[in-house]
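# Descriptive structure summary
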Amino acid sequence: MRSFTAGPDLPATADPAPLLTLNGLVKRHADPSGELRTVVDSFDLTVPPGEFCVLIGPTGCGKSTVLSMICGTTRPSDGRILADGAVLAGTDPRTGFVFQTDAVFPWKTVLANVAAGPRFRGAGKKESAQRARDWIRRVGLSGFEEHFPYQLSGGMRKRVALAQTMINGPRILLLDEPFSGLDAQTRQIMSGELLGLWESLRATVVMVTHDLEEAIALADRVVVLTAGPASVKKEFVIDLPRPRRIQEIRFHPRFAELHEEIWSTLSDEVQIAYARSTAAG
Amino acid sequence: MPVPQQQAEITAPAPVPGPPQRGRSRSGENTPRWVVLTLQIGLLVVLLGSWQVLADTKTIDTFFFGSPTGTWDQLISWIQHGTPPGPLQDQIWVTFQEALIGFVIGVALGVFCGVLLARNALLARVFKVYIGVMNSVPRIVLGSVFVIWFGLGLKSKVALVVVLVFFSVFFNAFQGARDVDRGLESNARILGASRTEVMLHVVLPSTFTWIIASLRIAFGLAITGAVVGELIGATQGLGLLIYEAQGNFDPDGVYAALIITTVLALVAEGLITLLERRALRWRPQHLNLGSEP
C-alpha cells in the first residue's frame, strides 16, 4: 500500500508544539436520575512538546471525556488545562480533533470537507481548495475530490477526516480512538500513515484507545487510566526506536516486554470495568 | 364523486419511477414495466368505459353524475372559448400563483420557526402549547376568516396556503434541527466554524433532508389551500370554476376543474422531485426516493 507522502515542510511561521499540562481535572455529569456522577477525577498529566502520548483504559472509563475537555467542547467541573502555561479555554485554533465516529460532513464532497477548516478560518475559496487538493493527495485520495462520503469506504472516510484536521496545522492533535470501526489491516495501514503525518507535523498528540498494541506501536508514552472515574494509574515510557514501521515494530523484542509490563497494570482495571458492566446487567 | 377519486388513484402512483426494490420478493415484482403500464392504462380504460356505458344507457343520471365525454367536452370548451370568469390559462395561473407564493412564504416561515425552536429550549417550551393548539385547529376553516380580513383577492388565498404549508414544514424542520449530529457540530466548531457557519454548514443541510420530504406533501396542501380558498370566495381561479359548476349543477365542470388541478399538482410534484434529487445527491440514491420517517 502507498503511504502518505510528506508534504511541504511546515511554514517557518508555525508555532512550536506546546507543552500540554492537565492540572487536577474533574468532570461530573448528572446522570438520567439526576445524580451527580464523577467521570474524571483529579486527572494530572504533562505532555512535553511534540510528544505522542496515548491514554489507554477500559471501555467507558471516561477517557474520551478527558479529550473533549482538552479540545474545549466539554467544560471541566474543576481543574485547569494549560498550553505552555496559558489556560486553554474553549475551542482553540491550535487544536485539532479526530473523532471516533465519522464526523465528515456527508453533504460535502471530499474537496469541500477538507477545505472546510481553512474556509471557516477565513481563507479564500481558491486558496482553500488548493491547500485541500494538496492534503487530499497527501492522504492518497487524489481523484476522489468530487466524491461524497457515502461513496467512500470506511478507511477512505478516515483519510478525509485526517486531512480535514491536518490541513489546519494543529499544534495539539487529539485523537479519540480514530481507527475503531476499521478492519485490522486497514487499522495498521492507517496507524502507519498517522505516524508519518505526525512526524512531518510535529504536533503534541494525545490519543485515546483501548488497543494496547496500537498504543505501544504509536506512542512515546502510554498512560494507563483507572476504570472510571478516570485518573492516571501509571505511565510507561515507550523506548522503541523511531522512525518506526508499524508492521515491523511488533516483532521488536522490547515490544513484547513493554506489552507484558503494561498489560499487568491494565488488566486489573479492565477486570474491574468488566465486573461492573456485568453487575450492572 | 367517482371520477376524481379514480383519476387520483390511477395517476398518482404512476409518475414515481419504481424505487429499487429491496428485501423479500413478492409475486409480480419481476413483471416487466411495459406490462404494468399496459395494465394501468387498461384499468383506466375499463373504468372510464363502463362509466360512459352506464351514462349512455341512462343507467345513471348524467345530470347528477356526469360522464367522461361530457367532462372532456367541458375541458375542450374551456380551452377554446374560455371560462365564465375569463380565459382558462388565467384561472390556472391565478391558482398556481396563490399556491406558489403561499408555499414559498410557508416553507420559509416553517423552516425559520422550526430551526429557531429546535435550537432554543426556552422558546420551544413556551411555544409548545400554542403550536399544539394551533395544530389542532381545523385550519382550512381559517379560510373564511382570511376572506373577511383580506377580501376576495390573492391575499386571502395566500394566507390560507401559508397556514397549511407552515405546519407541515414546521414539524419536520423542528425534528430535523433537533436531530443534528452532535459530533458533526463539534467537528465544525473545532475546525473553526462560527455560530453562523455551524448553522449554514451543519444544521441547515441536516435539517434539509427532513424538510425536503415534507415539501411534496406541502405543495399538495398549497394547491388544496388555494382551491379551497377560492371555493370560499374569489373572483378568479380554478376553485371558482368548481364553485360555479357546482352552482349550475354541472358535474362535468367540477370534474374538468379537478383534472386541471390534479395535473397542476403532479407537475409541481415532479419539479420538487427534481429539486430533491439535485439537493440530496450526497445521499445514496435508493434513500432519495423513499419517504422520510
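This is a predicted model, so every value here is computed, not measured.

With that settled, the discussion passes to the overall build of chain B. When its secondary structure is counted, chain B shows 13 helices and zero strands. Here chain B holds 293 residues, and the buried ones make up 34% of them.

With that settled, consider the overall build of chain A. Across its full length, chain A holds eight helices and ten strands. The C-alpha radius of gyration of chain A comes to 19 Å, within 12% of the 19 Å expected for a compact globule of 281 residues. Its C-alpha atoms give chain A principal-axis dimensions of about 55 × 45 × 40 Å. Counting across all 281 residues of chain A, residues that qualify as buried make up 43%.

Our next topic: the sheet that holds strand β9 (residues 221-225) of chain A. Residues and elements named next belong to chain A. Here six strands make up an open sheet; going across it, the order is β6-β7-β8-β3-β9-β10 and the pairing mixed. Pairing within the sheet leaves two strands with one partner each, and these edge strands are β6 (95-98) and β10 (232-237). The average angle at which neighbouring strand axes cross in this sheet is 15 degrees, direction not considered. Where strand β3 (residues 52-56) and β9 come together, four bridges link them in parallel fashion. In the sheet register, Leu55 faces β9, and the bridge partner there is Val223. In the packing of helix α8 (residues 253-279) onto the sheet, contacts are made with β3, β9 and β10, and the angle to β10 comes to roughly 175 degrees.

This next bit is on the interface of chain A and chain B. Listed as interface residues are 20 residues of chain A and, on the opposing side, 15 residues of chain B. Counting only elements with at least two residues in the side of chain A that touches chain B, the list comes to β6 and α2 (110-120) of chain A. When residues of the side of chain A that touches chain B are assigned to their parent elements, the largest contribution, three residues, is made by α2 of chain A.

All names here are of chain A. Of the strand pairs in this sheet, strand β1 (residues 20-30) and strand β2 (residues 36-47) are connected by eight bridges, and their pairing is antiparallel. Residue Leu20 lies in a different strand from β2, and its bridge partner there is Val47. Between β1 and β2, which pair antiparallel and follow one another directly, the connecting turn spans five residues, one of which, Gly34, has a positive phi of 90 degrees.

Bringing α2 of chain A into the picture now. For α2 of chain A, the buried fraction is high: eleven of the eleven residues fall into the buried class. Where α2 of chain A is concerned, the buried positions are Val110, Leu111, Ala112, Asn113, Val114, Ala115, Ala116, Gly117, Pro118, Arg119 and Phe120 of chain A. Next to the buried residues of α2 of chain A lie α3 (125-138) and α4 (154-166) of chain A together with α9 (182-191) and α10 (195-232) of chain B. Downstream of α2 of chain A by one or two residues, Gly122 of chain A has phi in the positive range, about 95 degrees.

For the rest of this paragraph, the subject is helix α7 (residues 142-150) of chain B. All names here are of chain B. Buried within α7 are the following residues: Leu142, Gly143, Phe146 and Val147. The arc that holds the buried residues of α7, viewed along the axis, is 145 degrees, so those residues lie on one side. Structural note: α7 exposes Ile148 and Trp149 on the side pointing more than 90 degrees away from its buried face. The inward-facing, buried residues of α7 abut α8 (154-178) and α10. Positive backbone phi, at 85 degrees, marks Gly151, one or two positions downstream of α7.

Counting 140 residues, the largest nonpolar core has Val54, Val114 and Val222 of chain A together with Val161, Val165 and Ala222 of chain B as the members making the most contacts within it. Here the element with the most residues in this core is α10 of chain B; it accounts for 15 residues.

In the sheet, β1 of chain A pairs with strand β4 (residues 78-83) of chain A via five bridges, with the strands oriented antiparallel. The partner of Leu20 of chain A across the bridge, within β4 of chain A, is Ala83 of chain A.

For any two helices packed against each other, the geometry comes down to the angle between their axes and how far apart the axes lie. All names here are of chain B. As a packed pair, helix α4 (residues 68-81) and helix α12 (residues 251-279) sit with axes 8 Å apart at the nearest point and diverge in direction by 65 degrees. By the angle between their directions, the pair α4 and α12 is classed as roughly perpendicular. Crossing geometry of α4 relative to α12 is assigned as right-handed. Residues Gly70, Thr71, Gln74, Leu75 and Trp78 of α4 pack against Asp252, Gly253, Tyr255, Ala256 and Ile259 of α12. In the contact of α4 with α12, the residues fall into five nonpolar, four polar and one charged.

All names here are of chain B. It is at 8 Å that the axes of helix α5 (residues 88-119) and α10 come closest, and there the two elements cross at 145 degrees. Between α5 and α10 lies a crossing whose hand is right-handed. Among the residues making up the contact of α5 with α10, the classes are represented as 14 nonpolar, six polar and two charged.

Once that is clear, we can look at the environment of Arg187 of chain A. All names here are of chain A. Summarising the element assignment, Arg187 is placed in helix α5 (residues 184-201). On the neighbour-count criterion, Arg187 (20 C-beta atoms within 10 Å) is buried. Sequence separation between Arg187 and Gly155 is 32 residues, and the spatial gap between their C-alpha atoms is 8.1 Å. Not counting residues up to four positions away in its chain, the partners in contact with Arg187 are Phe179 and Leu182.

The next thing to look at is the sheet that holds β4 of chain A. Residues and elements named next belong to chain A. One open sheet accounts for four strands, arranged β2-β1-β4-β5; its pairing is antiparallel. Edge strands, defined here as strands with exactly one partner in the open sheet, are β2 and β5 (86-87). As paired elements, β4 and β5 share two bridges and run antiparallel to each other. Within β5, the position partnered with Leu82 by the bridge is Val87.

Before going further, it helps to examine the environment of Ile242 of chain B. Residue and element names in this part refer to chain B. Relative to the helices and strands, Ile242 resides in helix α11 (residues 238-247). Separated by 15 residues in the primary sequence, Ile242 and Ala257 have C-alpha atoms spaced 6.1 Å apart. Every residue in contact with Ile242, bar those within four places of it in the chain, is listed here: Leu231, Val254 and Ala257.

What follows concerns unusual backbone geometry. For residues that are not glycine, phi is negative in most cases, and the peptide bond is trans in most cases. Residues and elements named next belong to chain A. Looking along the chain, the bond that leaves Arg242 and enters Pro243 is cis, with omega of -5 degrees. With respect to the element layout, Pro243 can be found in the loop between β10 and α7 (246-249). For Asp84, which is not a glycine, the phi torsion comes out positive at approximately 50 degrees. The phi torsion at Arg202 lies on the positive side, around 50 degrees, for a residue other than glycine. Residue position: Arg202 is located in the loop between α5 and β8 (204-209).

Turning our attention to the confidence of the model for chain B. Close inspection of predicted coordinates is inappropriate in any region flagged by low pLDDT. Residue and element names in this part refer to chain B. Overall, the prediction assigns chain B a mean pLDDT of 84, with 88% of residues at 70 or greater. Ranking the elements of chain B by mean pLDDT puts helix α1 (residues 2-11) last with 37 and α5 first with 93. Confidence drops under a pLDDT of 50 for residues 1-21, and excluding neighbours within four residues, the segment shows 22 contacts in the predicted structure. Long-range and interchain partners of residues 287-293, a stretch whose pLDDT sits below 50, account for nine contacts in this model, where long-range means more than four residues apart. Scoring of the predicted complex yields 0.76 for pTM and 0.85 for ipTM.

The rules behind each value
Residues numbered from 1 in each chain as written. Chains lettered and ligands numbered in written order. Predicted model: local features only at pLDDT ≥ 70, side-chain atom pairs only at ≥ 80, totals over all residues. Helix = DSSP H or I, 4+ residues; strand = E, 2+ residues; numbered from the N terminus. Buried ≥ 20, exposed ≤ 12 C-beta atoms within 10 Å, placed from the backbone. Rg over C-alpha atoms; globule rule 2.2 N^0.38 Å. Pairing = 2+ DSSP bridges. Axes fitted to C-alpha atoms, helices over the stretch in contact; angles between N-to-C directions. Contact = placed C-beta atoms within 7 Å. Arc of directions from axis to C-beta. Core = buried A, V, L, I, M, F, W, Y, C linked by C-beta atoms within 7 Å. Parallel < 35°, antiparallel > 145°, perpendicular 65-115°, else oblique. Left-handed = near helix turned anticlockwise from the far one by under 90°. Nonpolar A, V, L, I, M, F, W, Y, C, P; charged D, E, K, R; others polar. pLDDT = per-residue confidence, 0-100.

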